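Spelled out, the chains give:
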Amino acid sequence: MSERFQTYELIAFDWDGTLFDSAACIVSSMQAAARELGLEPPSDAQARQVIGLGLEPALQQAVPTLPRERYRELAEAYRRHYFASAHAVTLFPGVPELLQDLRARGHRLAVATGKSRRGLDEALAQVGLADLFEATRTADETASKPHPQMLHELMDEMGVPAHATLMVGDTTHDLQLAANAGTAALAVSFGAHEAEALAAARPLALLHSVDALGDWLRRHG
């Protein structure tokens, strides 16, 4: 992994699996939606692999045998199952303190997520963190990861260049998004994708806990 460190004005976080401990809920909701339509559900590994993409691209990869015209139906079934259980999903321990500390040290924070706008807004309201983020982008209002548009829009809105921007995520989609947008990236291993795959994408560092992420950002961010 690279050792090029600098101070980052903008830190853009993925949401699911990075700040929000929602990977298991996403996987079970995807599997339940497939069963509802009489389909073979994706395995846990298959479902985890597509977390971070926009919903329809994710479902197309996770359930590739479904006729294309039925993916909207599958997406609606997924949303019903997810929102029925999302109230029980919480932030990873230490996330509020980490974000508050970053803000206090002058960093500007954003969210770049594969969630829908409804999903992100409801999650932010649930955990009471909306005021900590200066800008957010969701996959239903811009291009899905790993296309760079999501991160480019955040940088343009906040007036921060790529060299002063850091992306933090738990999937290779997040790391490829950062590479495509020309920004640095950190990976966390406690979300959706396996540590080996994340390391192969060559982030600045691969962190295994929220505490380790906070320590890295205090030293290098």
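All of the points below concern the structure found in this document. (Residues numbered from 1 in each chain as written. Predicted model: local features only at pLDDT ≥ 70, side-chain atom pairs only at ≥ 80, totals over all residues. Heavy atoms only, no water.)

### With respect to the overall build of the protein chain
Next up, step 1: Helix and strand content of the protein chain: ten helices and six strands.
Next up, step 2: Its C-alpha atoms give the protein chain principal-axis dimensions of roughly 50 × 35 × 30 Å.
Next up, step 3: Of all 221 residues assigned to the protein chain, the portion counted as buried reaches 53%.
Next up, step 4: Of all intrachain contacts in the protein chain linking residues separated by at least 6 positions in sequence, the fraction that spans at least 24 positions is 65%.
Next up, step 5: Carbon together with sulfur atoms contributes 49% to the accessible area of the protein chain, which is approximately 9600 Å² in total. (Helix = DSSP H or I, 4+ residues; strand = E, 2+ residues; numbered from the N terminus. Buried < 20%, exposed > 50% of the residue type's maximum accessible area, 1.4 Å probe, protein only. Contact = heavy atoms within 4.5 Å. Areas by Shrake-Rupley, 256 points an atom, 1.4 Å probe, with all protein chains shown as cover.)

### Some remarks on the nonpolar core
Next up, step 1: Counting 60 residues, the largest nonpolar core has Phe-13, Trp-15, Phe-133 and Leu-186 as the members making the most contacts within it.
Next up, step 2: When residues in this core are grouped by element, the largest group, seven residues, is from helix α1 (residues 23-36).
Next up, step 3: Those residues in contact with Trp-15, other than ones at most four positions away along the chain, are Phe-20, Leu-91, Val-111, Ala-112, Thr-113, Lys-115, Leu-120, Ala-123, Leu-124, Val-127, Leu-129 and Phe-133. (Core = buried A, V, L, I, M, F, W, Y, C linked by side-chain atoms within 4.5 Å.)

### Structural notes on the sheet that holds strand β4 (residues 165-169)
Next up, step 1: Pairing within the open sheet is parallel, and its six strands lie in the order β3-β2-β1-β4-β5-β6. Where the open sheet ends on each side, the last strands, each with one partner, are β3 (135-138) and β6 (206-207).
Next up, step 2: Relative to strand β2 (residues 108-113), strand β1 (residues 10-13) runs parallel, the two being bridged by four bridges. Within β2, the position partnered with Leu-10 by the bridge is Arg-108.
Next up, step 3: Here helix α8 (residues 172-181) sits on the sheet in contact with β4 and β5 (184-188), set at roughly 175° to β5. (Pairing = 2+ DSSP bridges. Axes fitted to C-alpha atoms, helices over the stretch in contact; angles between N-to-C directions.)

### Observations regarding the pairing of β3
Next up, step 1: By the alternation rule, side chains of β3 split into Ala-135 and Arg-137 and Thr-136 and Thr-138, which are all buried.
Next up, step 2: In the sheet, β2 pairs with β3 via four bridges, with the strands oriented parallel. Each residue of the ladder has a partner; that of Ala-112, found in β3, is Arg-137.
Next up, step 3: In this fold, β2 hands off to helix α6 (residues 117-127), which returns the chain to β3; that crossover is right-handed. (Right-handed = clockwise from strand over helix to strand, strands pointing away.)

### Observations regarding α8
Along an α-helix, a turn takes 3.6 residues, which lines up residues three or four apart on a common side.
Next up, step 1: All of the buried residues in α8 are His-173, Asp-174, Leu-175, Leu-177, Ala-178 and Ala-181.
Next up, step 2: Structurally, α8 contributes buried residues whose contacts are with α2 (44-50), α7 (149-158), β4, β5 and α9 (195-200).
Next up, step 3: Backbone geometry just after α8 places Gly-182 at a positive phi near 80°.

### Some words on α1
Next up, step 1: For α1, with 14 residues, the first-to-last C-alpha span of 20 Å sits near the 20 Å given by 1.5 Å per residue.
Next up, step 2: Where α1 is concerned, the buried positions are Ala-23, Cys-25, Ile-26, Val-27, Ser-29, Met-30, Gln-31, Ala-33 and Ala-34.
Next up, step 3: Contacts made by the buried residues of α1 are with α2, α3 (55-62) and α4 (71-85).
Next up, step 4: Gly-38 sits one or two residues past α1 and shows a positive phi near 75°. (Expected span 1.5 Å × (residues − 1).)

### Regarding the pattern of salt bridges
Next up, step 1: Applying the stated criterion across every chain yields a total of 16 salt bridges.
Next up, step 2: For the salt bridge of Arg-118 with Glu-122, the shortest nitrogen-to-oxygen distance reads 3.0 Å. Of this pair, Arg-118 and Glu-122 both sit in helix α6, four residues apart, which is roughly one turn of the helix. (Salt bridge = Lys/Arg side-chain N within 4 Å of Asp/Glu carboxyl O.)

### Considerations on the environment of Ile-26
Next up, step 1: Mapped onto the elements, Ile-26 comes out in helix α1.
Next up, step 2: Here the alpha-carbon distance between Ile-26 and Tyr-78, two residues 52 residues apart in the chain, equals 8.5 Å.

### Here's the deal with the side chain of Thr-18
Next up, step 1: Within the element layout of this structure, Thr-18 appears in the loop between β1 and α1.
Next up, step 2: On the basis of relative accessible area, Thr-18 is assigned to the buried category, the value being 0%.
Next up, step 3: The residues touching Thr-18, leaving out its near neighbours within four places in the chain, are Phe-13, Phe-92, Val-168, Gly-169, Asp-170, Val-188 and Phe-190.

### Regarding the packing of aromatic side chains
Next up, step 1: The tally for this structure, following the rule as stated, stands at five aromatic pairs.
Next up, step 2: Judged by centre distance (6.4 Å) and plane angle (75°), the rings of Trp-15 and Phe-133 are edge-to-face. Within this pair, whereas Trp-15 is found in the loop between β1 and α1, its partner Phe-133 is found in the loop between α6 and β3, the two being separated by 118 residues in sequence. Taken individually, Trp-15 and Phe-133 each receive the classification buried, so the pair is uniform in this respect.
Next up, step 3: Look at Phe-92 and Phe-190: their rings are 4.9 Å apart centre to centre, the planes differ by 70°, and that puts the pair in the edge-to-face class. Of this pair, Phe-92 sits in the loop between α4 and α5 (95-104) while Phe-190 sits in the loop between β5 and α9, and the two are 98 residues apart along the sequence.
Next up, step 4: A network of ring pairs unites the aromatic residues Trp-15, Phe-20 and Phe-133 as a single cluster. (Phe/Tyr/Trp six-rings, centres within 6.5 Å; stacked < 30°, edge-to-face > 60°.)

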